[in-house]
Amino acid sequence: MTETLSLISILSTIELKLNGALAVSNNPKHFNDHIGELDKLLETLNALIIEKNNEHKFSEEEKELLKKIFNLIIKVEELNKNKLGFFDSLNKYFYDNVNK
């Protein structure tokens, strides 16, 4: 249960950071700061996934958070008029697992 809570915590924080980036999107410095803060969270998330040997079965709550994050990533990429490369591999991994 602790692992699930930490995964949910990481996903929730990523969602908050993406919402923060959208909220300050008219200020390039603040926008970039928010996006930059995601790097550490993504590293933590990646380490947790690797620790689980990519075999984690996502709960419904985790799947809902992932769907929200996907939608936020799309909004951020549209605002930025650029693909955020560091999300590519996570997008594929999560998309494959959320749709199971």
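Refer to the structure presented above.
**Student:** What's the story with the overall build of the chain in this structure? I'm lost.
**Tutor:** Along the chain, the regular secondary structure elements total four helices and zero strands. When its helices and strands are written in sequence order, the chain yields α-α-α-α. Burial statistics for the chain: of 100 residues in total, 39% are counted as buried. Intrachain contacts of the chain at a sequence separation of at least 6 include 79% that bridge at least 24 residues. When the accessible surface of the chain is split by element, carbon and sulfur atoms take 54% of a total near 6,200 Å².

**Student:** What exactly am I supposed to notice about the environment of leucine 66 here?
**Tutor:** Tracing the sequence through the fold places leucine 66 in helix α3 (residues 60-80). Through-space distance from the C-alpha of leucine 66 to that of leucine 11 is 7.2 Å; in sequence the pair is 55 residues apart.

**Student:** Any chance you could explain the pattern of salt bridges here in plain terms?
**Tutor:** Two side chains carrying opposite charge are able to pair once their charged atoms lie near each other. Counting across every chain of the model gives four salt bridges. Notably, a salt bridge pairs glutamate 37 with lysine 17, separated by 2.7 Å at the nearest N-O pair. Residue glutamate 37 is located in helix α2 (residues 28-51), and its partner lysine 17 is located in helix α1 (residues 2-23); the two are separated by 20 residues in the primary sequence. For lysine 67, the salt bridge is made with glutamate 64, and the minimal N-O distance between the two is 3.8 Å. Taken together, the residues lysine 67 and glutamate 64, both in helix α3 and three residues apart, mark about one turn of the helix.

Cut-off values and rules
- Each chain carries its own residue numbering, running from 1 in the direction its sequence is written.
- Local features in this predicted model are restricted to residues of pLDDT 70 or higher, and side-chain atom pairs are both shown and tallied only at a pLDDT of 80 or more, whereas totals for entire chains, interfaces and linings draw on every residue.
- No hydrogens and no water enter the side-chain calculation; it runs on all heavy atoms of the structure.
- Helix and strand definitions follow DSSP, with helices as H or I runs of at least four residues and strands as E runs of at least two, each counted in order from the N terminus.
- The buried label applies to any residue whose accessible area, calculated with a 1.4 Å probe on protein chains only, is under 20% of its type's maximum; exposed applies above 50%, and partly exposed to all values in between.
- In what follows, residue pairs with any heavy atoms lying within 4.5 Å of each other are defined as contacts.
- Reported accessibility uses the Shrake-Rupley method at a 1.4 Å probe radius. Residues are deemed covered only where the shown protein chains occlude them.
- Each salt bridge in this description consists of a side-chain nitrogen of Lys or Arg and a carboxyl oxygen of Asp or Glu lying within 4 Å of one another.

These values are about where atoms sit, not about what they do.
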